[in-house]
Structure formats: structure tokens, C-alpha cells
Amino acid sequence: MLGWGVEFLWAEMNRLLSLLFHQGVLDEQFLQLQQLQDESSPNFVSEVITIYFHESEKLLRNLRLLLMDRELSDYKKMEIHLNQMMGSSSSIGAKRVCNVCVAFRAASEQNNHAGCLRALELLEHEYCYLKNKLHELFQIEQQRALASGARYPAHQN
Amino acid sequence: MTMAGEILRRQSPAEVDVCGGSAQELHVLAVDDSLVDRKVIEKLLKRLSCKVTAVDSGLRALQYLGLDGEKSSVGFDDLKVNLIMTDYSMPGMTGYELLKKIKESSAFRETPVVIMSSERILARINRCLEEGAEEFLAKPVKLSDVERLKNFVMGGGEVCSDRRINKRRLEENNDRDDGHAPSPVSPPCSCDRAACTSSSSDSSSPSIAPSSSKRLKIHHQG
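Residues numbered from 1 in each chain as written. Chains lettered and ligands numbered in written order. Predicted model: local features only at pLDDT ≥ 70, side-chain atom pairs only at ≥ 80, totals over all residues. Heavy atoms only, no water.

K.L.:
Before we go on, may I ask you to explain the overall build of chain B in this structure?
P.N.:
Scanning chain B from N- to C-terminus turns up eight helices and six strands. Listing each helix as α and each strand as β along chain B from the N terminus yields α-β-α-β-α-β-α-β-α-β-α-α-α-β. In chain B, 69% of the contacts between residues at least 6 apart in sequence involve partners at least 24 apart. About 10700 Å² of surface is accessible on chain B, with carbon and sulfur atoms providing 51% of the total. (Helix = DSSP H or I, 4+ residues; strand = E, 2+ residues; numbered from the N terminus. Contact = heavy atoms within 4.5 Å. Areas by Shrake-Rupley, 256 points an atom, 1.4 Å probe, with all protein chains shown as cover.)

K.L.:
What should I look at first to understand the overall build of chain A in this one?
P.N.:
Looking only at helices and strands, chain A has six helices and zero strands in total. N-terminal to C-terminal, the α/β element order of chain A is α-α-α-α-α-α. Over its C-alpha trace chain A gives a radius of gyration of 19 Å, far above what one expects of a compact globule, namely 15 Å for 157 residues. Here chain A, with 157 residues, has 45% of them falling under the buried criterion. (Rg over C-alpha atoms; globule rule 2.2 N^0.38 Å. Buried < 20%, exposed > 50% of the residue type's maximum accessible area, 1.4 Å probe, protein only.)

K.L.:
Is there a simple way to think about the pairing of strand β1 (residues 27-31) of chain B in this case?
P.N.:
Walk down a regular strand and you will see the side chains alternate between the two sheet faces. Residue and element names in this part refer to chain B. Most of β1 sits out of view: five of its five residues are buried. Of the two faces of β1, the one lined by H27, L29 and V31 and the one lined by V28 and A30 are each fully buried. Here four bridges tie β1 to strand β3 (residues 83-87), and the two strands are oriented parallel to one another. Within β3, the residue paired with A30 across the bridge is M85. (Pairing = 2+ DSSP bridges.)

K.L.:
When you look at the packing of helix α4 (residues 75-92) of chain A against helix α5 (residues 95-109) of chain A in this model, what are you seeing that I'm missing?
P.N.:
Residue and element names in this part refer to chain A. With their axes 9 Å apart at the nearest point, α4 and α5 run at an angle of 165° to one another. Considered as vectors, α4 and α5 are oriented roughly antiparallel to each other. In this structure, α4 meets α5 at a crossing whose hand is left-handed. Taking contact as the criterion, the partners of Y75, M78, E79, L82, N83, M85, M86, S89 and S90 in α4 are, on α5, V97, C98, C101, V102, F104, R105, S108 and E109. Across the contact of α4 with α5, the residue classes tally to 10 nonpolar, four polar and three charged. (Axes fitted to C-alpha atoms, helices over the stretch in contact; angles between N-to-C directions. Parallel < 35°, antiparallel > 145°, perpendicular 65-115°, else oblique. Left-handed = near helix turned anticlockwise from the far one by under 90°. Nonpolar A, V, L, I, M, F, W, Y, C, P; charged D, E, K, R; others polar.)

K.L.:
Is there a simple way to explain the confidence of the model for chain B in this structure?
P.N.:
Close reading of the predicted structure is inappropriate where its pLDDT is low. All names here are of chain B. Averaged over chain B, the pLDDT score is 72; the fraction of residues at 70 or greater is 55%. Contacts for the low-pLDDT stretch residues 159-170, under 50 throughout, to residues beyond four places or in other chains number 38 contacts. Predicted confidence is poor over residues 176-217, with pLDDT under 50, and the contacts of this stretch with residues over four places away or in other chains come to 80 contacts. (pLDDT = per-residue confidence, 0-100.)

K.L.:
Would you take a moment to explain the state of the cysteines for this structure?
P.N.:
Put plainly, two cysteines are in a disulfide when a covalent bond ties their sulfur atoms together. Residue and element names in this part refer to chain A. Across all of its chains, the model carries zero disulfides over all chains by this definition. Here C98 stays unpaired: no disulfide links it, and the sulfur of C101, its closest cysteine neighbor, is 6.1 Å away. Accessibility expressed as a relative area gives 0% for C101, which makes it buried. (Disulfide = S-S within 2.5 Å.)

Spelled out as C-alpha cells, the structure:
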């Protein structure tokens, strides 16, 4: 980590963010979250995202459980969970996760068990990808914060 | 910002506290079952110097407002809520049901209620507006939405917004007949924007009486 200048880490962060925007994983709502972060709440983004992770994992578990019983799948309940997941995903700018929820909900409305299973797998995959990338983003951010606070003799890149 | 300037011009100096001191602090009650959304709306409101009370259900909102039928010894003179923002889809009591209860109460029927939803279902929107909702906001809610609401509640009237201009066609297609429940009169927009389409101006909707039109306002990134 020594020698990783602040500029380099800014560039890394922006590169990753651009990639995620380009891939449609995140949309401008994520930027809105970043804009809300300030001195009074310096960890706002990571706090909200952490809550999002907790909520989402609970919802995904519930969806999995509901789909395990092929005969008695409670589609109404599934739709409630999906609406919740859609809502919170759109609030943090997780566009691709949101889109999969929409497709999932369509399958649920048709009581299409196989379709729901496929959608759930896709949803878990998208969520996993998002979580990994956001963790990467937070790590870079932490390193950048450390690097800017580091009291080494001026190390120019 | 030109918009803020336009608002200030419409008002007498006595009405507007330009410095935005605590005398003008807005107290907003936010209702949403999603913790993520509560955190975001809370931050949006705090960023605009509003006092926020966030609750996770319609029932808790009613309890907070003292409308749950429980005898309470707390005097409500000091419970000033200037704006209520509620999610539509909530387990137990929906935002619509909460809206109805608020509008039925004598204490809070004049308090503006805004419904938020990530779904744009026309029947739902119309139902809420007919029941007296001030506005129907599409989630995710942005800072500009809340800013506009704050200005409205603080007596600034309608803030002209590009996003409303973009949705004008939708409004014209979907604007319901007036003559339903009375709605707050919005002062005519006096901003200079040529494209301004404040709904109280009747140049583009001659069939709607300016003073009682129910506005279908959908504000979202579109």
C-alpha cells in the first residue's frame, strides 16, 4: 500500500464506477447517495449499502425457501418480497438487480415455478456480482482515505 | 439559483426567512417499511435542514400523530408536523389507507401528504390524488423532489421544474376532471420561463378551472 498515491486510488475508484455504470449495474441513484455523503455523515453510502445487503440477503433466503416447495409455492408472498427487493435496489441505484426482480415478478404473477427458479438464480448471481463490486469500491475508498491521511513525506506519483 | 430567486420575488419579505433559521424549520414525518428507504429519505430531508421523524409503518405513524384512537394525555399543540411522506406499498396499512385516516382527522387533514412509490400504476396514483394526496412521487426520491416539496410547504407555491415540463404531456393525457374534493389552490406561476407549465395557468388546458384542478404530477427520472 505504500506508494499507492491518492491520485492512483481516485483513478481506480472512478474506473470501477465507470465500469459499473457502463454495465448497467449501477445507475444515477447511486450518485445521489454519494452526493448525500458529507461531513455530518461521512460513511453514509457504506452504511446504507450495508443495510441493503442485510435486507437483501434476508429476502433472497425467503424467496429460496418459498420456491423449495413446488406444490405450495406462495406466489403472493414472493411478490411481496420481490417488491421490497425492487424498492430497496432502486433506492441504492442497483439497476440490474432491479430489472431481474421485474422479470422474476412477471414469472411469479404467472405462477411459473420453473421461471421463478431461473429468475431467482439470476437474481442471486446479479446480487453477488453487485456485492463483490461494491466491496471492491469500498476497499479502494478506504485505502484512498488512508493514503490521504498518511503522514509520509510527500510522495508524488 | 434562479428558481429560488423567483420564489422569493413572489413573497413579501415578511413571509420569507431568507436565512432559513429554526423558526422556519420543517418537521416531516416519513413513513416507510424499508430501512434503506428510511435512511435515504431521512438524509435527504436533513440535508435540507428539516426535522425528521421516521417510522416503519402506517400504524406507527397514526400512533405518533395521536390518531390511533388511544387516549393520550399529550397535548398536540406542540406536535407540529408540516409534511407527511409515506410509501404506498407497506404491509398492514398501505400508504393510501394511512392517507385516508389522516384526511379524516380534524387535526391533520390540512397537513400535506405525499405518497411515494416505485411503481407508476395510474389507478393507484389517481386514487391517492382523489383522496387528497398533495403529490405522488416516483421512487427513488431525489434531492430535487424534496427541495421542491419543502419550498411548496413553506409557502413558496409551485416551483417550476424541468421535470414537470417534461411530464406535461402525461399530465394533459391523464388529468382528471376537477370538481372532486377541493384541492389547495396553487398560486399562478410567475417565473419567466417561457416553457413553464404550472398547472394553474389555463393557456394549455382551457377546460380546467385553475382554482380547483387536481394535478396529476408524476416526477421521476423518466
